[in-house]
There are 2 protein chains.
Amino acid sequence: MELAGLSVREDAVGNIFGRWDGVEPELAAVATGSHIDAIPYSGKYDGVIGVLGAIEAIRVPKRSGFKPRRSLEVILFTSEEPTRFGIGSLGSRLLAGSEDLANSLKTTTDIQNISFLDAARSAGYSKNEDDLSSVFLKKGTYSAFVELHIEQGPILEDEGISIGIVTAIAAPASLTVEFEGNGGHAGAVLMPNRNDAGLAASELALAVERHVLDSGSIDTVGTVGILELHPGAINSIPSKSHLEIDTRDIDEERRNKVVEKIHQSAIKITKTRGVKLSDFHVINQDPPALSDEAIIKAVETATKELNLTSKLMISRAYHDSLFMARLSPMGMIFIPCYKGYSHKPEEFATIQDMSNGVKVLTLTLAKLSSH
Amino acid sequence: MELAGLSVREDAVGNIFGRWDGVEPELAAVATGSHIDAIPYSGKYDGVIGVLGAIEAIRVPKRSGFKPRRSLEVILFTSEEPTRFGIGSLGSRLLAGSEDLANSLKTTTDIQNISFLDAARSAGYSKNEDDLSSVFLKKGTYSAFVELHIEQGPILEDEGISIGIVTAIAAPASLTVEFEGNGGHAGAVLMPNRNDAGLAASELALAVERHVLDSGSIDTVGTVGILELHPGAINSIPSKSHLEIDTRDIDEERRNKVVEKIHQSAIKITKTRGVKLSDFHVINQDPPALSDEAIIKAVETATKELNLTSKLMISRAYHDSLFMARLSPMGMIFIPCYKGYSHKPEEFATIQDMSNGVKVLTLTLAKLSSH
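Bear in mind that the values here come from a model prediction, so they are computed numbers and not experimental data.

A. Region of the structure containing the overall build of chain A. Helix and strand content of chain A: 11 helices and 13 strands. Relative to its length of 371 residues, chain A is compact, with a C-alpha radius of gyration of 23 Å against a globular reference of 21 Å. Taking the intrachain contacts of chain A between residues at least 6 apart in sequence as the baseline, contacts between residues at least 24 apart amount to 78%. Accessible surface computed for chain A: about 14500 Å², of which carbon and sulfur atoms make up 51%. With 37 positive and 49 negative side-chain charges, chain A shows a separation of 2 Å between the mean positions of the two kinds.

B. Up close: the environment of Leu-137 of chain A. Residues and elements named next belong to chain A. Of note, Leu-137 is situated in the loop between helix 5 (131-134) and strand 5 (142-150). For Leu-137, a relative accessible area of 16% translates into the label buried. In this structure the C-alpha to C-alpha distance between Leu-137 and Thr-270, which are 133 residues apart in sequence, comes to 44 Å. Once residues within four sequence positions are removed from consideration, Leu-137 is found in contact with Arg-9, Phe-17, Leu-95, Tyr-142 and Leu-327.

C. View of the interface of chain A and chain B. With 60 residues of chain A in contact, the opposing surface of chain B contributes 60 residues. For the pair chain A and chain B, the two sides together bury roughly 5000 Å², of which 64% comes from carbon and sulfur. Its largest share of buried area at the contact with chain B, chain A owes to His-185, Met-191 and Ile-234 of chain A, together 15% of the area lost on that side. Taking the shortest distance from any N to any O, the salt bridge between Arg-273 of chain B and Glu-209 of chain A comes out at 2.7 Å. Seen at the junction of chain A and chain B, the total is 13 residue pairs in polar contact (both at pLDDT 80 or more). Secondary structure elements with two or more residues in the side of chain A that touches chain B: strand 7 (171-180), helix 7 (197-214), strand 8 (221-230) and strand 9 (240-249) of chain A. When residues in the side of chain A that touches chain B are grouped by element, the largest group, 9 residues, is from strand 8 of chain A. A breakdown of the residues in the side of chain A that touches chain B according to their chemical character gives 31 nonpolar, 19 polar and 10 charged.

D. Quick peek at the side chain of Ser-236 of chain B. Here Ser-236 of chain B is to be found in the loop between strand 8 (221-230) and strand 9 (240-249). Those residues in contact with Ser-236 of chain B that lie beyond four places of it in its chain are Ile-39, Thr-223, Gly-225 and His-343 of chain A together with Gly-184, Ala-186 and Pro-231 of chain B.

E. Representation of the domain arrangement of chain A. All names here are of chain A. Under the domain assignment, chain A is made up of domain 1 (7-170 + 289-370) and domain 2 (171-285). Opposite the 9 residues of domain 1 that make contact, domain 2 presents 9 residues. Counting the surface domain 1 buries against domain 2, the share from its top three residues, Ala-170, Arg-316 and Tyr-318, is 56%. At the junction of domain 1 with domain 2, the criterion picks out 1 salt bridge. When the shortest N-O distance is used, the salt bridge between Arg-316 and Asp-219 registers 2.2 Å. Residues belonging to the side of domain 1 that touches domain 2 are distributed by class as follows: 6 nonpolar, 1 polar and 2 charged.

F. Inspection of the nonpolar core at higher detail. If you look at the biggest cluster of nonpolar residues, it comprises 56 residues, and the most contacted ones within it are Phe-179, Leu-204 and Leu-243 of chain A together with Phe-179, Leu-204 and Leu-243 of chain B. In this structure, Leu-243 of chain B is in contact with Leu-175, Thr-176, Val-177, Phe-179, Ala-201, Leu-204, Ala-205, Val-224, Ile-226 and Leu-227 of chain B, ignoring residues within four places of it in sequence. Membership of the second largest hydrophobic core comes to 40 residues, among which are Ala-31, Ile-87, Leu-94 and Leu-132 of chain B.

G. Local environment of unusual backbone geometry. Following His-230 of chain A, the chain continues into Pro-231 of chain A via a peptide bond in cis, with omega recorded as 0 degrees. Along the chain, Pro-231 of chain A falls in the loop between strand 8 and strand 9.

H. The arrangement of helix 1 (residues 48-63) of chain B in detail. Residues and elements named next belong to chain B. Here helix 1 is 16 residues long and its end C-alpha atoms lie 22 Å apart, about the 22 Å a rise of 1.5 Å per residue gives. When helix 1 is considered as a whole, its buried residues turn out to be Ile-49, Gly-50, Val-51, Gly-53, Ala-54, Ile-55, Ala-57, Ile-58 and Pro-61. In this structure, the buried side of helix 1 is in contact with strand 2 (16-20), strand 3 (29-35), strand 4 (72-77), strand 5 (142-150), strand 13 (330-335) and helix 11 (351-370). One or two steps after helix 1, the chain reaches Gly-65, where phi turns positive at roughly 90 degrees.

I. Broad picture of the relation of the copies chain A and chain B. Each copy superposes on the other: chain A lies on chain B with an RMSD of 0.1 Å after a rotation of 180 degrees and an axial shift of 0.0 Å. On the angle and the small slide along the axis, the relation comes out as a two-fold axis. Of every C-alpha in chain A, the one belonging to Ser-202 of chain A sits nearest the axis of rotation, 2.2 Å from it. Looking at chain A, 100% of its interface residues are interface residues in chain B too, so the copies touch through the same face.

J. Focus on the sheet that holds strand 9 of chain A. Residues and elements named next belong to chain A. Strand order in this open sheet of 4 strands is 8-9-7-10, and the pairing throughout is antiparallel. Bordering the open sheet on either side are strand 8 and strand 10 (276-285), each of which pairs with just one other strand. The average undirected angle you get between the axes of adjacent strands in this sheet is 15 degrees. Two elements, strand 8 and strand 9, share 9 bridges in a ladder whose sense is antiparallel. Among the inter-strand pairings, Leu-229 is bridged to a residue of strand 9, identified as Ser-241. Contacts from helix 7 reach strand 7, strand 8 and strand 9 within the one sheet, and its direction differs from that of strand 9 by about 10 degrees.

K. Quick look at the sheet that holds strand 7 (residues 171-180) of chain B. Residue and element names in this part refer to chain B. Taken in spatial order, the 4 strands of this open sheet run 8-9-7-10, and their pairing is antiparallel. Across the chains shown, the open sheet's two edge strands, defined by having one partner strand only, are strand 8 and strand 10 (276-285). Strand-to-strand twist of the sheet, defined as the mean angle between neighbouring strand axes without regard to direction, takes the value 15 degrees. Across the face of the sheet, helix 8 (residues 252-273) comes into contact with strand 7, strand 9 and strand 10 while running at roughly 170 degrees to strand 10.

L. Geometry of the packing of helix 7 of chain A against helix 8 (residues 252-273) of chain A. Residues and elements named next belong to chain A. In contact at an axis separation of 9 Å, helix 7 and helix 8 are set at 150 degrees when each is read in the N-to-C sense. The two elements helix 7 and helix 8 cross, and the hand of that crossing is right-handed. Contacts between helix 7 and helix 8 involve Leu-199, Ala-200, Glu-203, Leu-204, Ala-207, Val-208, Arg-210, His-211, Val-212 and Asp-214 from the former and Val-258, Lys-261, Ile-262, Ser-265, Ala-266, Ile-269, Thr-272 and Arg-273 from the latter.

M. Molecular detail of the side chain of Thr-362 of chain B. Residue and element names in this part refer to chain B. You can see Thr-362 is positioned in helix 11. Classification of Thr-362 as buried rests on a relative accessible area of 18%. Excluding residues within four positions of it along the chain, Thr-362 makes contact with Ala-57 and Pro-61.

N. Quick peek at the pattern of salt bridges. Residues and elements named next belong to chain A. Per the stated rule, a full pass over the model turns up 32 salt bridges over all chains. The residue Glu-73 makes a salt bridge to Arg-19 at a minimum N-O spacing of 2.8 Å. Taken together, the positions of Glu-73 in strand 4 (residues 72-77) and Arg-19 in strand 2 (residues 16-20) put the pair 54 residues apart, joining distant regions of the chain. In this structure Arg-19 comes out as partly exposed when scored by relative accessible area, which is 23%. When salt bridges that share partners are traced, they join Arg-19, Asp-21 and Glu-73 into one network.

O. Highlighting the packing of helix 9 (residues 293-305) of chain B against helix 11 of chain B. All names here are of chain B. Packing of helix 9 against helix 11 leaves a shortest axis separation of 9 Å and a crossing angle of 130 degrees. Considering the angle they form, helix 9 stands oblique to helix 11. The hand of the helix 9/helix 11 crossing is right-handed. Across the interface between the two elements, Ile-295, Ala-298, Val-299, Thr-301, Ala-302, Thr-303 and Glu-305 from helix 9 touch Val-360, Leu-363, Thr-364, Lys-367 and Leu-368 from helix 11.

Cut-offs used in this document
- Residues numbered from 1 in each chain as written.
- Chains lettered and ligands numbered in written order.
- Predicted model: local features only at pLDDT ≥ 70, side-chain atom pairs only at ≥ 80, totals over all residues.
- Heavy atoms only, no water.
- Helix = DSSP H or I, 4+ residues; strand = E, 2+ residues; numbered from the N terminus.
- Rg over C-alpha atoms; globule rule 2.2 N^0.38 Å.
- Contact = heavy atoms within 4.5 Å.
- Areas by Shrake-Rupley, 256 points an atom, 1.4 Å probe, with all protein chains shown as cover.
- Lys, Arg positive; Asp, Glu negative; His and termini not counted.
- Charge placed at Lys NZ, Arg CZ, Asp CG, Glu CD.
- Buried < 20%, exposed > 50% of the residue type's maximum accessible area, 1.4 Å probe, protein only.
- Buried area = accessible area lost by both parts, 1.4 Å probe.
- Salt bridge = Lys/Arg side-chain N within 4 Å of Asp/Glu carboxyl O.
- Polar contact = N/O pair within 3.5 Å; in protein donor to acceptor, adjacent residues only side chain to side chain.
- Nonpolar A, V, L, I, M, F, W, Y, C, P; charged D, E, K, R; others polar.
- Domains from an automatic or database assignment.
- Core = buried A, V, L, I, M, F, W, Y, C linked by side-chain atoms within 4.5 Å.
- Expected span 1.5 Å × (residues − 1).
- Least-squares fit on C-alpha atoms with pLDDT ≥ 70 in both.
- Pairing = 2+ DSSP bridges.
- Axes fitted to C-alpha atoms, helices over the stretch in contact; angles between N-to-C directions.
- Left-handed = near helix turned anticlockwise from the far one by under 90°.
- Parallel < 35°, antiparallel > 145°, perpendicular 65-115°, else oblique.

Set out below in structure tokens:
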């Protein structure tokens, strides 16, 4: 960002901001950005395009002598993926002023029992607990926020369309569940005497799928991405199991119904299998976000001026934009990605599509910063 | 063993033998022993009692001036638990002359890709591949083999009986199964487009239980002790899953039918879920073993002479004895254990019960070594 001539600041959790002052710097700025962290065994386009693309979308007009009315800011959000501390969009969630998150982070630890605060400190951030609320941004800090991202779905590639204009972001809910049974020797404990925590987990995983399909809506999805058994030996009946479940929808109520049904199923399983539900915890259960009409229009106009095809669409993946929508009008620009693959090494976007996305972002920022 | 005055030798994989020469050392010896390795998060009685108990059962008569006709040998079997290389009773299986195992060990690796041969070498064993067959013992090396062990089931404790006399050991089969799907983003890939390798694994885990229960026999058991998902992130649809399955029975045919049904289910799941069965591998599928009538009688007589209660019973856990039965007449002595717990930290046997077991073993060895 410094090389692009932006003035850089970092906040107490590692969100990084690069600012280009506009002609009227006292006005709310227009912001753009994304994240560069990734899940294990993932690709290198998810998030990264929205950060490098944002820098490019500012560098080019800056070089060409364009003077924005409103200041422009690039934001590199920290910890969008819920990998180390289990919290998705940690950076943008804090920027949007989540008091709940700021409080819970005081006691959050990773799988090795390293606290969030220690991890932040060892990276040179948050010196004390109070710093977390210093991250909160005031509503009105930005007049608009736009994020460029790969679609992470197959629609644009399938239909041969260059640009997706996001009208809404599906609302994610994340759950952790733990069952506890008696364990024991795989040969010696007879079937009627078992309280197999692993089979309880398998039943719940299949129940998640059933409840999602029962919604009857194509927009409802649910996934068990983590299922771990303890002690994890072939000749040992699992005494504990741990699941992490993700479910999302563009309809908050419908998704909350799925969460409730998962809870009911977990309770029912404890009864039929004689296991204990030692944990059922909603990590986050966010409302969906709608894009701002004026930003949708600005992106649409930009694609037309560039003679690119576009399509209004829903984001079924969540993004930092979901939380930025709580702070300011929000919009997202999607580009096609190979077979809709994401969160795996095959993730890919062509130079042409990335270039189209950056051009649309550039024009959109120019338009939004002029109002 | 050296402190007990035994002459000690080790073989090329780390089985350890301690010998007390009898009055007629040219006769086949009587052997006893067990293992001291353990699964993760296990207890400290499974196996260990049969080794320390065996040393004590030789030390005491030796001190008292008893002279056995046949030599007595204590065997400490290596790697009874299938923990590092996935192969249960590795030491006794090789002693029993398994050419298949000796061959497959040439290419076997652990989860960190360290080969069995390298691991053995770094522990000071097997210098070259040919050493593995040097471990094989000739049929007739022993006239009898007896193993002392905790029951690993609740029957003796429940019924207040001191000694279990094993008449048969249930036959274990171990399988590994892997499913491969497409993976992808937990939000972006719609439900009809999924090939979730994790849900395939959950379905198979429940199918294992169903097929076992369908056998209608209380002696049939089946366990999914290991179920792993890749990449293992809450927001990623599992692209791969890995299961390890244990099933056993005292009836070989009935157990083999369960293995076949599990295979059929795995194939069926690939069709309904559009996943690939990238691995379905029978690690071992052993026949059950019957105890020798003369050894059963010797143990029964010993318990009567000691005024202890006893019960004929089946071992549903497998033991090194299962493989020693291929080499020589075999018998097992069980003692009660707390709540039947095994393969977990709560595993426990009282001093009184251990002492009873060692006394019965001592008398049994004395009897068997006199014939």
